[in-house]
Structures are given as structure tokens and as C-alpha cells.
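Listed here are the chains, written in short residue letters.
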Amino acid sequence: MLSRMRRILAGVAAALLALPAANAAAETEKELQPYAEAAAGAAARYDALKRKGGEAKCGPDLIGTLRERAGKNIVYPLLYSPKKRMQGSVESWNDIPAVGQLSFLNTSHAALPPGLEAYFKAAVSDDTLYVLAVAKDSHVNFGFRPAYNSDCFELFLDPFFTRDTRSDDSSMQLFITAADPAGKTFRSEGKIPAEARPVPVEGGWGVEIAIPLDNAYFRLKPFDGLAFGFNLSYNNNDDGKARNQKITWSGLDRNDSSWNNPSVFGVMEVVRTDAQPVEPVRPGPAIEENRRRRSAGETFEDLGALARSRPSPAVVRGFMSGRLDNGRAFHDMANDWGANAVRLQLHGIGPKPTWTPENYPVFLDRLEAAVKQAKAAGIKVIPVAFEVPCELGGREMWEVPGVEEGFKRYWRGIAERLKPYAGTIWGYDLYNEPLGRSQLPYAPVEWRQMAVNIMKAIREVDKDVWIIYETGPGGGWRGFEDLKPLPDSRVIYSLHFYEPGAFTHQGIAATQLQDPGLLARAQESTGVEYPAFIGGIRFDEASLERSLRPVIEFQEKYKVPIYVGEFSVIAWAPVDSAVRYLRDVTGIFNRHGWSWTYHAFREYPGWSLEHEDGVVRKDAALKPVRESARGKVMKEAFRAPVVNK
């Protein structure tokens, strides 16, 4: 497997040579070429070392070896040093010559403020990976949640050096930030234990990080030439509200994709002068245990019953929307587009928050009125919860004891109110994009049982309504990999699809802010084409379908209905590319007999099919048009023959 991945990476590097420099995106791909080649070189050295086996050590010229292996912003020569770090000073790292500079702006939220910079040094002992991370930052803001909204270092590891395009249990993401607004104590958030200690830095802040090499997820023994994936980013909060920018070390990560894509990590390559046996990294017990936990729980054993059960109709095609326009939106979806379903955002119905004792009765009245309007238009309704129906106090929902009971009350009340409209409800979408950041790249393990319990609460009121279960994490489909059916025959399994985000979401952040010059920054990040190499990875219809194999295999094994709740491409993407992308993804969905709802109908103009194509305007002030090019291809998709599976 690893050799195959090396060949793929080498193929990517070779393919980058042939890319035409037709636009800014193509130029960026040419910039990635030397980084891809350097990473491939480190991988080749490591592969050769493992094949040879025995013992390994570098020659007598230590400094020469460090220089030879170093690749700016892609290969960091990790010096073996038995010295105990965590001394609380930058000076204690003077014996480590290699410096990793965080050079690449990963977000287009705002221009990088003058003077902001960040760097790291790293060393490895027999049992610990040490990292010194330093930020020169004149405006330091700690104490925000999630952690990346604080001034925060974000550390990524691929200890098995898979360089795969999708994260799994073997890849790590750690957030390193202060535990208090004053910055007196520091913490590490992530699935492996790491110690974090503050380091005084004039005009900024620093932190030393100690990561044990023998932990629940991996067991690593450093020998000369051992290589593993690594990246470090800095999240910067200057306005005291949320993250303004993110800068990163790896020259392959230009689109903030390290959180789910180890193939864009850089490489740490151990340099050690004493001979040590060549021992591949071994998995820890948590990898197998997590796989077991993800597949555990109540399930439905009668596969024949699953194959026979289908919602009515078996396949729907429509829009996501929270804009009702007193029912006009539903009529236009049906009459102008040929849609037969709406994924209705409950929080948009209001009043907000919809779940409080004073607001909930008003919300139910408005929801019932909306369902009546949809019924009159001949549109099936898919109510979806975007809110967690209880106070979280800045915590993740999995940390709050009252969340499950809140969801049960919320959905039981909806089911009671809407039971008379059973013929109009296609299914209840329990919660939009369930996510536990500390458990990435997988869905939160708590979600499956919580969803089962919410479903049982609905069944106390309505035994026939279909339930829509988003596997997560977020809008992803990683949760399909170890999934067994929920213990109910009337469940629709759901995902969202925006891959690759660098294409579908190009330029979106900058157009929504007011800072001078941001439209120009948005235009710099647009022009991303499809099909093409994006971030060093080839994206086309075949690769998109391959990425969906976990969903396809789950459907084929259990014969259950699949629903893509959201997909889209931003209006100002290159027109021909947007048309090709939408034709490809709807073709995949339709071939497999999946239901889908396009994001979105008459909300943000950037996602609208009723606004102009291929033009970037500040605040997405796009002109309405009778029919966009994207709209034309989507009308074809609505009319395509239905495949029942």
C-alpha cells in the first residue's frame, strides 16, 4: 500500500509538470511541484531504508546530512537529541539548527497583519517528540472556543507516513493554546496526550510541546531516516472575536486542508548518528478499539426488510432552503425547476432559538404553516435541525449532559404537530453535520446511540415516518466506513458533498467581509478549474466517485436509501468548470439512485442558480439572471430518469 502511494505521489509530481499556466490556479500547481518532488524524495529514501532493514545511522558529517535532507517548508531534518526539553525558554533550543517558518496564508479572511510571523523547531528523543512553536504577534487573544478561534497552534501528524488523501485513525490533529484568557497555563486538545508549557517571547508568545512516542495510537522508535508526516499552522485572532488568519508551514497545503488530508503534510525525517534498528511504526490499541466502537451498537439484522423498505417517493430531488416567501418559494421550486422536495432549515423558521419554552410554540405554528404551503405546492418536506436544542456554554455538544434530552423533546414535539401531514413529510433529518473536532477524522462515537435514542422518542409519536441519519463527521461520509444499519427499517442514510472545497468554495470568505482589498484577495483565490489537479490531487468524475466508495459499498451491502442533503459550487467558479462539476456529481448521484437537495434556494447569492455565473463581486452582490449556466445543467439533472435501487 505504501509503495503504491509513493508511486501515486511521484505521478502527481510528474503530472504537475504538464499543467498549462492558464490561470492563477494553474500557476499555484506549478509552485507545488518542488514541494511534491521533495516529499516524494523523502518517501523514497524511507521506503529504501525499510526494504534494506538492519540498522541505520547517518555518516560523520551531521551538519551536511541536515542540509542534504532539509527541504524548505516541506522536509524538516528532525535531529535526535537525548536532551530533556520543556525548560520554558527559547534559548534552551539553541542547539537545534533547523527552523521551520510558517510562510503560507491558508485563509482569505483578511490580509496578514504587519509583523505577524511564526516558526518552530523540533527534536526527538527515545520516547518524546519535542516542538518549540513561537509566534511574533502584537495582538494576543486566548480563551475562545473552538480552540482555533483563539491564538492557537495547530499540529498535525501522520505517524505511519500514509500520505493518503483522507485522514483516518492513524492521523492526528492537536490544538495548542492557552487554557485561560491571561495565558498563564496552556493546554493541548486532541486524541493523544501532549504536554504544553508556555515560553516567554518578546512581542508574542511561545509554547513547548512534548508528544509521547508510545501512546494509544502509535508506537514510534526513532532511527536515522525514519520519516513521518507533519505540519504546523498558526491561527491568529486579532479582533478579539474569532480567527482572522491562518498561516502554515507545509508548502503543499495552500487551502487549509491539513485537517482532513495528510497528503498535503510536510515530512519530518529523523537524523541520528548512532546505529538503531529499522523498525516500522506500530499501531496502538486505540485504532482497533475505535473501529470496534464505531461498528458497535443496536442494529437491524433483517437485510431483506431493509431492501423492501423505501420512502415515498423512493427518490426525491430538490433544494435546501430556509426562505419561505409565504409559500411562493415552494411553488417556484416545483413549477420552475421540477423539484419535488425541500430540505427545510428549522432554525430559519424562527423565532431564534427555536427550542426555548417561549419560542417553541410559535416555532411549531410557523412550521405547520410552512408544511401546509409545501403540501399545496406538491413538495415533500425534509425538516432538518441546525440548532442544538439546549445551552452549550461554549462546549461541544458531546460534553453537555442535557443535549440528548433536548433533542428528544424537540423532535417529539415536531412529530406530534406534523403527524397529520404524514403524506408531505419525506423524512426527519435529525441533526445537520454532527461533528466532534477532537475525534476527527471520524464521526463522534456518541452520535450513533444518541441518534438511535432520538429516533425512539419520535417513534413514540409516529411509527411510520422516515428518519434521516447523517453519519458525519460534519457533512462528510467517513462515518459510512464502519457503519452498521440503525435498529429501524425506515432510515435514510445521508451525507453532504462539496469535494474538493478549494473548487466549490473558491473565494467565498473574502467576498463576505468589509476590509479594503478583500475583493482582490478573493479574485486571487478564484479561477480554480475542474477537472484539474487541485492541491496536487487530480479531481475528475472518476476520482469523485472513488472517494464515495464507502457510501456506495454501504448501499450495496445493506440495500438502504441514500440522500445527499447538500452539494453546490460557488457562482463565480469558472463557468465551464462549474457546469462540468455539477453534471458530474449529479450524474454520480443519479446513477446510484440517490436522492439529493441542492444548496441553496434564494438564500446567499453566491450559492444561487438564479444569479450570474463566473463573476466575483464584493459581498456577493451578483446580478439576478433568468437562467444561469449552472441553473441550466441543474434543470437537466432534475429531469434525468430516476434509478431505483
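Structure: see above.
Source: prediction; values computed, not measured.

This paragraph deals with empty space enclosed by the protein. One pass over the full model with this rule turns up 5 cavities of 30 Å³ or more. If you add up the space inside the largest cavity, you get close to 70 Å³. If you trace the largest cavity, you find it lined by Phe 156, Ser 167, Asp 168, Ser 171, Met 172, Gln 173, Ser 258, Trp 259, Phe 265, Leu 440 and Pro 441. Here the lining of the largest cavity is composed, by residue class, of 6 nonpolar, 4 polar and 1 charged.

A word on the side chain of Lys 635. Within the fold, Lys 635 resides in helix H17 (residues 629–639). Once you skip the residues sitting within four places of it in the chain, Lys 635 turns out to touch Asp 336, Trp 337 and Glu 627.

Okay, the layout of surface pockets next. Considering only enclosed or pocket space, the second largest pocket measures out at about 510 Å³ in volume. Pro 146, Glu 396, Met 397, Leu 435 and Arg 437 are the residues nearest the centre of the second largest pocket, which is lined by 23 residues in total. Residue composition of the lining of the second largest pocket, grouped by class: 12 nonpolar, 4 polar and 7 charged.

A few words now on the packing of helix H16 (residues 575–591) against H17. Where H16 meets H17, the axes come as close as 9 Å, and the angle between the chain directions of the two elements is 15°. When the axes of H16 and H17 are compared, the pair comes out roughly parallel. Classified by chirality, the crossing of H17 by H16 is right-handed. Contacts between H16 and H17 pair Val 575, Ala 578, Val 579, Leu 582, Arg 583, Thr 586 and Asn 590 from the former with Ala 629, Arg 630, Val 633, Met 634, Glu 636 and Ala 637 from the latter. Taken together, the residues of the contact of H16 with H17 sort by class into 8 nonpolar, 2 polar and 3 charged.

This part takes up the pattern of salt bridges. Throughout the structure, instances matching the rule amount to 45 salt bridges. Close ionic contact of Glu 269 with Arg 45 constitutes a salt bridge, the shortest N to O distance being 2.6 Å. A residue pair is termed long-range when its members are at least 10 positions apart, and Glu 269 in strand E15 (residues 266–271) and Arg 45 in helix H2 (residues 24–52) qualify at 224 residues. A salt bridge links Asp 332 to Arg 602; the shortest N-O distance between them is 2.7 Å. With Asp 332 in helix H6 (residues 328–337) and Arg 602 in the loop between strand E27 (595–599) and H17, this pair connects stretches of sequence that are 270 residues apart. For Asp 332, a relative accessible area of 12% gives the class buried. Given the relative accessible area of 22%, Arg 602 is considered partly exposed. Among the charged side chains, a salt-bridge network with shared partners connects Asp 169, Lys 191, Arg 294 and Asp 482.

Let's shift gears to the packing of aromatic side chains. Under the criterion given, the structure shown has 43 aromatic pairs. When the ring of Phe 363 is compared with that of Tyr 410, the centres are 5.7 Å apart and the planes differ by 10°; the resulting orientation is stacked. Note that Phe 363 is positioned in helix H8 (residues 360–377) and Tyr 410 in helix H9 (residues 403–418), a separation of 47 residues in sequence. You'll find Phe 363 and Tyr 410 in the same group, each marked buried. An angle of 50° between the planes, with centres 5.0 Å apart, marks the rings of Trp 596 and Phe 638 as tilted. Of this pair, Trp 596 sits in strand E27 while Phe 638 sits in helix H17; the two residues are 42 residues apart in sequence, bridging distant segments of the chain. Trp 596 gets classed as buried once you look at its relative accessible area, which sits at 0%. On the accessibility criterion, Phe 638 (8% relative accessible area) is buried. Counting every residue linked through ring pairs, the aromatic cluster contains Phe 319, Trp 337, Trp 477, Phe 497, Phe 567, Phe 589, Trp 594, Trp 596, Tyr 598, Phe 601 and Phe 638. Above the ring of Tyr 80, the side-chain terminus of Arg 272 is found at 3.5 Å from the ring centroid.

Calculation notes
Residues numbered from 1 in each chain as written. Predicted model: local features only at pLDDT ≥ 70, side-chain atom pairs only at ≥ 80, totals over all residues. Heavy atoms only, no water. 1 Å grid on protein atoms, 1.4 Å probe; cavity = no way out; pocket = protein on both sides within 12 Å on 5 of 7 lines; lining within 4 Å. Points joined across faces, edges and corners; volume = space filled by probe spheres on them. Nonpolar A, V, L, I, M, F, W, Y, C, P; charged D, E, K, R; others polar. Helix = DSSP H or I, 4+ residues; strand = E, 2+ residues; numbered from the N terminus. Contact = heavy atoms within 4.5 Å. Axes fitted to C-alpha atoms, helices over the stretch in contact; angles between N-to-C directions. Parallel < 35°, antiparallel > 145°, perpendicular 65-115°, else oblique. Left-handed = near helix turned anticlockwise from the far one by under 90°. Salt bridge = Lys/Arg side-chain N within 4 Å of Asp/Glu carboxyl O. Buried < 20%, exposed > 50% of the residue type's maximum accessible area, 1.4 Å probe, protein only. Phe/Tyr/Trp six-rings, centres within 6.5 Å; stacked < 30°, edge-to-face > 60°. Lys NZ or Arg CZ within 6 Å of the ring centre and 35° of its normal.

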